[in-house]
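Now for the letters of each chain:
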Amino acid sequence: MDVGSIDEMARLEDTHWWFVGKRLLVEPLLRAAGAGRALDVGCGTGGVLALLAQARSAVGADASADCLTHCRRRGLAPLVRATADHLPFRRASFALVTALDVIEHADDDVAVLREIRAALAPGGVLVVGVPAYPALWSDHDEVLGHRRRYTAPTLRAALTAAQFDVLRLTYTNAFVLPAAAVWRLGGRRVLNAGGGRTDFYVPPAKLNRLLIGLYRIEAWLTSRTRLPFGLSLLCLAQPCRDPSGA
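The structure displayed is predicted, hence computed values, not measured ones. (Residues numbered from 1 in each chain as written. Predicted model: local features only at pLDDT ≥ 70, side-chain atom pairs only at ≥ 80, totals over all residues. Heavy atoms only, no water.)

Overview of the overall build of the protein
Each helix and strand in the protein was counted, giving nine helices and seven strands. Against the compact-globule benchmark of 18 Å for 246 residues, the protein has a radius of gyration of 17 Å, which places it among compact chains. When the 246 residues of the protein are sorted by exposure, 52% land in the buried category. Of the contacts made within the protein by residues no fewer than 6 positions apart, 75% connect residues no fewer than 24 positions apart. Accessible surface for the protein amounts to roughly 11,500 Å². Of this, 56% is attributable to carbon and sulfur atoms. The centroid of the 29 positive side-chain charges in the protein is displaced by 6 Å from the centroid of its 23 negative side-chain charges. (Helix = DSSP H or I, 4+ residues; strand = E, 2+ residues; numbered from the N terminus. Rg over C-alpha atoms; globule rule 2.2 N^0.38 Å. Buried < 20%, exposed > 50% of the residue type's maximum accessible area, 1.4 Å probe, protein only. Contact = heavy atoms within 4.5 Å. Areas by Shrake-Rupley, 256 points an atom, 1.4 Å probe, with all protein chains shown as cover. Lys, Arg positive; Asp, Glu negative; His and termini not counted. Charge placed at Lys NZ, Arg CZ, Asp CG, Glu CD.)

Following this line, the structure appears as C-alpha cells:
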C-alpha cells in the first residue's frame, strides 16, 4: 500500500462508515474469542488494534513503517515491524490473532495462515477477514496490493490447508454489496472515474451515520446467523487439535 493510501486510511479510520462498520462486525467474534493476549497481524493504522487493546494485552505487527508511525501517534504499543509470513514471536504466544484484510496481500496465503497458526496457543483462535468475489476485482484491489479476492469455499480451503478448523464463516458488508457491484462492474468503468484509486468514498455526515446504523444491524445479524452474500468474508477459526488428521 502506498503512503497516500495509508495516510487516507489513518485520516478516515475513526469516523468513516467502512472502518467503523468493520469494527462493529468484528466485535462479536472478539467476544467469542474470550480473554488472553492478542496479536493484530497487519495492524495498519491501528483501528482494530485500539479495539483489541481496550480489553486485553495486544501487540500490533505490520510490514509498513508508515502504518506503525500512525499507530504510535494513537499511543499504541507494543508494535513490531514484520511481514505476515515471518512473525518474530515465540510459538504458541497468543490466545487470539486477528488478520483482517491481510492474507489477500500474500503470494502464498496458506503459508501466512500456517505462520499465524504457529503463533497461536493451544485453544487459541484466529479472526480473519478478506474481500469477496473475484469478479469484483477493481482499481481498489490494485491500489491496496491485493493478490486475490475470495469466495466462502476458497477461504475455507485455504484455512483447511493451513490446518485450521472453521468455527464460523459468513459473508459481511451485505448492505453495501449491490452499490459496490454496480460501481465496480459498471458505473466506474463507464464513467472512467480514474485508475489508481481506492473506493473509500466520503459521504455527507447524515449518510455516513445511516450507513453505520446499517452496520449495527448487520453486526447483530452476523452474530446470530450466516449471511449468504456480501462484499467481504469474516471467519473465526481454530488450529486443528490433531494436525496429522489421525
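A short note on the pattern of salt bridges
Using the criterion set out here, one finds seven salt bridges in the structure. Its salt-bridge partner being Arg149, residue Asp141 comes within 2.7 Å of it at the nearest N-O pair. Overall, the relative accessible area of 7% leaves Arg149 in the buried class. Here the residues in one salt-bridge network are Glu13, Asp14 and Arg74, joined through shared partners. (Salt bridge = Lys/Arg side-chain N within 4 Å of Asp/Glu carboxyl O.)

Side note on the packing of aromatic side chains
Across all of its chains, the model carries four aromatic pairs by this definition. An angle of 90 degrees between the planes, with centres 5.2 Å apart, marks the rings of Phe89 and Phe94 as edge-to-face. Judged by relative accessible area, which is 15%, Phe89 ranks as buried. Through pairs of rings, three or more aromatic residues link up here, namely Trp17, Trp18 and Tyr215. (Phe/Tyr/Trp six-rings, centres within 6.5 Å; stacked < 30°, edge-to-face > 60°.)

What about the pairing of strand 7 (residues 232–239)?
Of all eight residues in strand 7, seven are buried, a share of seventy percent or more. With six bridges joining them, strand 5 (residues 120–131) and strand 7 adopt antiparallel strand pairing. What sits directly across from Pro131, in strand 7, is Ser232. (Pairing = 2+ DSSP bridges.)

Considering the packing of helix 5 (residues 109–119) against helix 7 (residues 152–161)
Across the interface, helix 5 lies against helix 7 with an axial gap of 8 Å and an inter-helix angle of 50 degrees. Judged by the angle between their axes, helix 5 and helix 7 are oblique. Seen along the crossing, helix 5 lies across helix 7 with a hand that is right-handed. Mapping the contact onto sequence places Asp109, Val110, Leu113 and Arg114 in helix 5 and Ala158, Leu159 and Ala161 in helix 7. Grouping the constituent residues of the contact of helix 5 with helix 7 by class yields five nonpolar, no polar and two charged. (Axes fitted to C-alpha atoms, helices over the stretch in contact; angles between N-to-C directions. Parallel < 35°, antiparallel > 145°, perpendicular 65-115°, else oblique. Left-handed = near helix turned anticlockwise from the far one by under 90°. Nonpolar A, V, L, I, M, F, W, Y, C, P; charged D, E, K, R; others polar.)

Re the side chain of Glu115
Tracing the chain through its elements places Glu115 in helix 5. Note on Glu115: relative accessible area 13%, which makes it buried. Not counting the four nearest positions on each side in its chain, Glu115 is found in contact with Ala84, Asp85, His86, Leu87 and Arg91.

Examining the environment of Arg90
Inspection of the secondary structure assignment puts Arg90 in the loop between strand 3 (79–81) and strand 4 (94–100). Linking Arg90 and Ala118, residues 28 residues apart in sequence, is a C-alpha distance of 8.6 Å.

Regarding the nonpolar core
In this structure, Leu96 and Val127 are the most contacted members of the largest nonpolar core, which totals 39 residues. Counting residues per element, this core draws most heavily on helix 2 (residues 17–33), at 10 residues. In contact with Leu96, not counting residues within four places along its chain, are Leu30, Ala33, Arg37, Ala38, Leu39, Leu52, Arg56, Leu120, Val125 and Val127. Counting 35 residues, the second-largest nonpolar core is a separate cluster that includes Val41, Phe94, Val128 and Phe164. (Core = buried A, V, L, I, M, F, W, Y, C linked by side-chain atoms within 4.5 Å.)

Notes on the pairing of strand 1 (residues 38–41)
Side chains of strand 1 alternate between two faces, with Ala38 and Asp40 and Leu39 and Val41 buried alike. As for the winding sense of the linkage, the β-α-β connection from strand 1 through helix 3 (residues 47–53) to strand 2 (residues 58–62) is right-handed. Strand direction decides the pairing type here: strand 1 and strand 4, joined by three bridges, are parallel. Residue pairing in the sheet places Ala38 in a bridge with Leu96 of strand 4. (Right-handed = clockwise from strand over helix to strand, strands pointing away.)

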